[in-house]
Amino acid sequence: MTTYQFFTTAWRWNSTLLPFTALALAGYFLAFRRRGRPAYLGAALVIFLFAFISPVNALADGYLFSAHMVQHILLVLIVPALLLLSLPRSLSLPRPLMAFTHPFIGWIAGVGAMWLWHAPALCNAATTSRAVSAIQTTSLLLMGSVFWWQVLAPRDADRLSPAAGIVYLFTACTACSILGIILTFAPVSICSVYQHPVDRLAMLGTIRGGWGLTSDRDQQIGGLLMWVPMCLIYLTAILAQLARWHSDPAPAGGAI
């Protein structure tokens, strides 16, 4: 299969995700009506669907570790952030869920989402088992949401103060950068399933020859994706905290 043929035929209309997305959209409007910010929800759902029906998913499904990493970044950092931004500014969590809003839990969830699912056994299981893959997807979205709640909660009073938010984001960036460096320079494949892909789409020749992506180089690119683009996302959030600090220098929000 040529590159052109792959990128024009590898789109898959998932019979589970599409109804789920439609239900999420309907539920959102029934719950919030005009109080929410639906543009953010729309963006979150489009990116979520892109992660699973586009050629990115076909490549992540046993071919390229780097494509798998793109999915992780979208599910942990992009989609949850947009979902939180879509909520009405007056929304607060029910009291039983407030325990999950502690900054330490949020930090562990955000960083742990990447470290946990790149343990070799879990990484391989999520690639070969549909059930484990579904658990992984759900956990990444939930852990990403818990992480971002600290700086993107609808009510300003539920957020960390700007100074605390900067420390929170910077240390998370550092922890994920360490994992990215390990992935980039590790001599042994973290997810061994990507070393010997099952060539279901007859794409392996194009990937290895036309694209020049050996398994080692693919893992290096995956590590760099975690190392550089992820930290750019954290940096953007840090700049937003600085802007918030500048616009309201008085102490506000939550505390560590």
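Up top you'll find the structure we're talking about.
Rules and cut-offs
- Residues numbered from 1 in each chain as written.
- Predicted model: local features only at pLDDT ≥ 70, side-chain atom pairs only at ≥ 80, totals over all residues.
- Heavy atoms only, no water.
- Core = buried A, V, L, I, M, F, W, Y, C linked by side-chain atoms within 4.5 Å.
- Buried < 20%, exposed > 50% of the residue type's maximum accessible area, 1.4 Å probe, protein only.
- Helix = DSSP H or I, 4+ residues; strand = E, 2+ residues; numbered from the N terminus.
- Contact = heavy atoms within 4.5 Å.
- Axes fitted to C-alpha atoms, helices over the stretch in contact; angles between N-to-C directions.
- Parallel < 35°, antiparallel > 145°, perpendicular 65-115°, else oblique.
- Left-handed = near helix turned anticlockwise from the far one by under 90°.
- Nonpolar A, V, L, I, M, F, W, Y, C, P; charged D, E, K, R; others polar.
- Phe/Tyr/Trp six-rings, centres within 6.5 Å; stacked < 30°, edge-to-face > 60°.
- Patch = residues over 30% accessible without salt bridge, like charges linked within 9 Å, V, L, I, M, F, W, Y side chains within 5 Å.
- Areas by Shrake-Rupley, 256 points an atom, 1.4 Å probe, with all protein chains shown as cover.
- Salt bridge = Lys/Arg side-chain N within 4 Å of Asp/Glu carboxyl O.

## Comments concerning the nonpolar core
In step 1: With 59 residues, the main nonpolar core has Met114, Trp148, Leu169, Met230 and Tyr234 as its most contacted residues.
In step 2: Those elements giving two or more residues to this core turn out to be α2 (17–32), α3 (38–53), α5 (65–85), α6 (103–116), α7 (120–128), α8 (130–152), α9 (162–185) and α12 (229–247).
In step 3: The biggest single contributor to this core is α5, with 11 residues.
In step 4: With residues up to four places along the chain from it excluded, the contact list for Met230 reads Ile73, Leu77, Met114, Cys176 and Leu225.
In step 5: The next biggest cluster of nonpolar side chains, apart from the first, holds 11 residues, and it includes Ala10, Ala58, Ala67 and Met203.

## Brief notes about the packing of α3 against α5
The relative placement of two packed helices is expressed as an angle between their axes plus a distance between the axes.
In step 1: Running from N to C, α3 and α5 cross one another at 165°; their axes reach a closest spacing of 8 Å. What the angle tells us is that α3 and α5 run roughly antiparallel. Relative to α5, the crossing made by α3 is left-handed. On α5, the residues that touch Tyr40, Leu41, Ala43, Ala44, Ile47, Phe48, Phe50, Ala51 and Phe52 of α3 are Gln71, Leu74, Leu75, Ile78, Val79, Leu82, Leu83 and Leu85.
In step 2: The class makeup of the residues in the contact of α3 with α5 is 16 nonpolar, 1 polar and no charged.

## Description of the packing of α5 against α8
In step 1: With their axes 8 Å apart at the nearest point, α5 and α8 run at an angle of 45° to one another. Classified by the interaxial angle, the pair formed by α5 and α8 is oblique. Pair α5 / α8 crosses with right-handed handedness. Facing α5, whose interface residues are His68, His72, Leu75, Val76, Leu77, Val79, Pro80, Ala81, Leu84 and Leu85, α8 presents Gln136, Thr137, Leu140, Leu141, Gly144, Ser145, Trp148, Trp149 and Leu152.
In step 2: In terms of residue class, the contact of α5 with α8 is built from 13 nonpolar, 6 polar and no charged.

## Quick notes on the packing of aromatic side chains
In step 1: Throughout the structure, instances matching the rule amount to 13 aromatic pairs.
In step 2: Ring centres 5.2 Å apart and planes at 75° place the aromatic pair Tyr28 and Phe32 in the edge-to-face group. Taken together, the residues Tyr28 and Phe32, both in helix α2 and 4 residues apart, mark about one turn of the helix. In this structure, Tyr28 and Phe32 share a single accessibility class: buried.
In step 3: Taking 6.0 Å as the distance between ring centres and 80° as the angle between the ring planes, the aromatic pair formed by Phe147 and Tyr234 counts as edge-to-face. Here Tyr234 lies in helix α12 and Phe147 lies in helix α8, a separation of 87 residues in the sequence. For the pair Phe147 and Tyr234, a shared accessibility class is recorded, and that class is buried.
In step 4: Among the aromatic residues, those joined into a cluster by ring pairs are Phe147, Trp148, Tyr168 and Tyr234.

## Topic: the environment of Leu84
In step 1: Structurally, Leu84 can be placed in helix α5.
In step 2: Along the primary structure Leu84 and Cys231 are separated by 147 residues, whereas in three dimensions their C-alpha atoms are 20 Å apart.
In step 3: With near-sequence residues (within four places) excluded, Leu84 lies in contact with Arg37, Ser145, Trp148, Trp149, Leu152 and Pro154.

## What to know about a nonpolar patch on the surface
In step 1: On the surface, Leu224, Val228, Leu232, Leu235, Leu239, Leu242 and Trp245 cluster together into a nonpolar patch covering about 620 Å² of accessible area.
In step 2: For the nonpolar patch, the element with the most residues is α12, which contributes 5 residues.
In step 3: Here Leu235 is to be found in helix α12.

## Some words on the pattern of salt bridges
Side chains carrying opposite charge are able to pair once their charged atoms draw close together.
In step 1: If you walk through the whole model with that rule in mind, you get 5 salt bridges.
In step 2: Across the pair Arg159 and Asp156 runs a salt bridge, and its minimum N-O distance is 3.9 Å.
In step 3: Given the relative accessible area of 15%, Arg159 is considered buried.
In step 4: Note on Asp156: relative accessible area 32%, which makes it partly exposed.
In step 5: For Arg244, the salt bridge goes to Asp156, with nearest N and O atoms at 3.1 Å. Residue Arg244 is located in helix α12, and its partner Asp156 is located in the loop between α8 and α9; the two are separated by 88 residues in the primary sequence.
In step 6: You can call Arg244 buried: its relative accessible area is 13%.
In step 7: It is possible to trace a salt-bridge network through shared partners that takes in Asp61, Arg130 and Arg200.

## Here we look at the environment of Tyr194
In step 1: Note that Tyr194 resides in the loop between α9 and α10 (204–210).
In step 2: Each residue touching Tyr194, except ones within four places of it in the same chain, is listed here: Leu59, Ala60, Gly62, Tyr63, Leu64, Phe65, His68, Thr127, Arg208, Ser215 and Asp218.

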